Amino acid sequence: MLIVSSCNGFIRALDKKTGQVRWSYDIHKDGDQTEFHGDPLITENLIIIGTDGKMGHLYAFERLTGAVRWKYRVEWRGLASDVVRSGDNVYALTLGDELVCLDLESGAPKWSFRSSAPPKLFYWPSSPMVMDDRVYFGGLDGIAYAVDARSGKLIWKTNLGSRVSTSVASQGRDIYLGTANRHVYRMDANSGKVLADLPVEGEPRWRLLVANDSLLVFLGTQTLASLDLSLKEVRWSAKTSQDWTSARPYVWRDAVLAGDQSELVAFRTSDGARVWSYPLPGMIRGIGVSGDVLYVGTRKGSIFAFAFR
């Protein structure tokens, strides 16, 4: 089954082989919310995803039927972060820069933790990451936080001097974040100490991706870059003539995939050379892989399935 969320306020489950709709849900009936931006959490029985607009919800849908198991309302702007899990808890970051912890099965709130950013400061937020009973996230206040995953108690915080503009990624005991003043940081997950600071050509954006021995990141609107994990150098960068529109880079086989306003592009992971590209009618938003099939979604609502042999 393929899960598709769209900018017209619907989430749908499609048959992966035929594209037939198995179930759908219209979020407009629950309030003035319009879109989905974060990656969902998919468990054995549930699909948990956030919505945004003038308000939003964190929803838990039954995977087989689309029935709403529970929904958690967020009054201001909603949620645009990825949803992550640790044991029986799920976590997401609201557009008000508040990290919320809910019970996986019931949606009951357990705790919340808010950054020191001014209220209603509107930027796209970081997405949190869970590792070893800690939740890490970067705040709109320019501070990286580590909190206890069970209690929400602050463990450490590190001021990076500028709004955190990316998700948190990890490799071993290191975590990575990018900031709006064009820096990418490698930090010690235990203490929050900055281990490396790499100035880059553009603002790091959206979701970071660790792939093998590289960190993949969008820099500004038109550059995709591969950084070495020690953050000593930029290994390669590739540019597009249009703005990147996919939520993050994706790795498939030996290629890095990214989408812009009309084209899906594959770059060689080792040196960034363009391997192939494919034009599509519409702005590319989501990319997914299942077996040998590549799925691509556009802002117009179309889904394309590619079988590469």
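Use the structure listed above.
First, a word on what this report is: a plain description of the structure on this page. Note that the coordinates shown come from a computational prediction; the quantities given were computed from them, not determined experimentally.

With that settled, consider the overall build of the chain. Within the chain, the secondary structure is distributed over 0 helices and 32 strands. For 309 residues, the compact-globule estimate of 2.2 N^0.38 gives 19 Å, and the C-alpha radius of gyration of the chain, at 19 Å, lies within 12% of that figure. A principal-axis box enclosing the C-alpha atoms of the chain has dimensions of 50 × 45 × 30 Å. The burial tally for the chain puts 55% of its 309 residues in the buried class. Contacts in the chain between residues far apart in sequence, at least 24 positions, make up 38% of those at least 6 positions apart. Looking at the chain as shown, the accessible area adds up to about 13,400 Å², and 46% of this sits on carbon and sulfur atoms. Taken together, the 37 basic and 34 acidic charged side chains of the chain have centroids lying 2 Å from each other.

Turning our eyes to something else, we now look at the pairing of strand E23 (residues 214-219). Of all 6 residues making up E23, 6 are buried, and the element is well covered by its neighbours. The alternating pattern of E23 places Ser-214, Leu-216 and Phe-218 and Leu-215, Val-217 and Leu-219 on opposite faces, both of which are buried. Two strands pair when backbone bridges link them, and strand E22 (residues 204-211) and E23 are joined in this way by 5 bridges, in the antiparallel orientation. Bridge assignment links Val-210 to a residue of E23, and that residue is Leu-215. Two successive antiparallel strands, E22 and E23, enclose a turn made up of 2 residues, where Asn-212 displays a positive phi of approximately 60°. Of the strand pairs in this sheet, E23 and strand E24 (residues 223-228) are connected by 6 bridges, and their pairing is antiparallel. Bridging across to E24, Leu-215 finds its partner in Leu-227. Connecting E23 to the next strand, E24, in antiparallel fashion are 3 residues, including Gly-220 with a positive phi near 70°.

On the secondary structure map, Tyr-123 appears in the loop between strand E13 (109-114) and strand E14 (129-131). Accessibility expressed as a relative area gives 38% for Tyr-123, which makes it partly exposed. Residues Tyr-123 and Tyr-72, 51 residues apart in the sequence, show an inter-C-alpha distance of 21 Å. When near neighbours in sequence (up to four residues on either side) are disregarded, Tyr-123 contacts Leu-95, Leu-140 and Arg-163.

Glancing now at unusual backbone geometry. Peptide bonds are mostly trans, and most non-glycine residues show a negative phi. One non-glycine residue, Asp-132, adopts positive backbone phi at about 50°. Here Asp-132 is to be found in the loop between E14 and strand E15 (134-138). The phi torsion at Arg-253 lies on the positive side, around 55°, for a residue other than glycine. Inspection of the secondary structure assignment puts Arg-253 in the loop between strand E26 (250-252) and strand E27 (255-259). Judged by relative accessible area, Arg-253 falls into the partly exposed class, the value being 48%.

Spatially, 4 strands are ordered E26-E27-E28-E29 in an open sheet, and the strand pairing comes out antiparallel. Across the chains shown, the open sheet's two edge strands, defined by having one partner strand only, are E26 and strand E29 (274-279). On average, each strand axis in the sheet is inclined to that of its neighbour by 25°, with strand direction left out of account. Here E26 pairs with E27 via 3 bridges, running antiparallel. Note that in E27 the partner of Val-251 across the bridge is Val-256.

Further remarks concern the layout of surface pockets. When its volume is computed, the second largest pocket comes out at roughly 550 Å³. Lining the second largest pocket are 24 residues, and of these His-37, Trp-124, Arg-205, Trp-206 and Arg-285 sit closest to its centre. Looking at side-chain class alone, the lining of the second largest pocket contains 8 nonpolar, 9 polar and 7 charged residues.

The next thing to look at is the environment of Gly-202. Here Gly-202 is to be found in the loop between strand E21 (194-199) and E22. Here the alpha-carbon distance between Gly-202 and Pro-40, two residues 162 residues apart in the chain, equals 28 Å. Not counting residues up to four positions away in its chain, the partners in contact with Gly-202 are Arg-182, Leu-219 and Gly-220.

Parameters at a glance
- Residues numbered from 1 in each chain as written.
- Predicted model: local features only at pLDDT ≥ 70, side-chain atom pairs only at ≥ 80, totals over all residues.
- Heavy atoms only, no water.
- Helix = DSSP H or I, 4+ residues; strand = E, 2+ residues; numbered from the N terminus.
- Rg over C-alpha atoms; globule rule 2.2 N^0.38 Å.
- Buried < 20%, exposed > 50% of the residue type's maximum accessible area, 1.4 Å probe, protein only.
- Contact = heavy atoms within 4.5 Å.
- Areas by Shrake-Rupley, 256 points an atom, 1.4 Å probe, with all protein chains shown as cover.
- Lys, Arg positive; Asp, Glu negative; His and termini not counted.
- Charge placed at Lys NZ, Arg CZ, Asp CG, Glu CD.
- Pairing = 2+ DSSP bridges.
- Axes fitted to C-alpha atoms, helices over the stretch in contact; angles between N-to-C directions.
- 1 Å grid on protein atoms, 1.4 Å probe; cavity = no way out; pocket = protein on both sides within 12 Å on 5 of 7 lines; lining within 4 Å.
- Points joined across faces, edges and corners; volume = space filled by probe spheres on them.
- Nonpolar A, V, L, I, M, F, W, Y, C, P; charged D, E, K, R; others polar.

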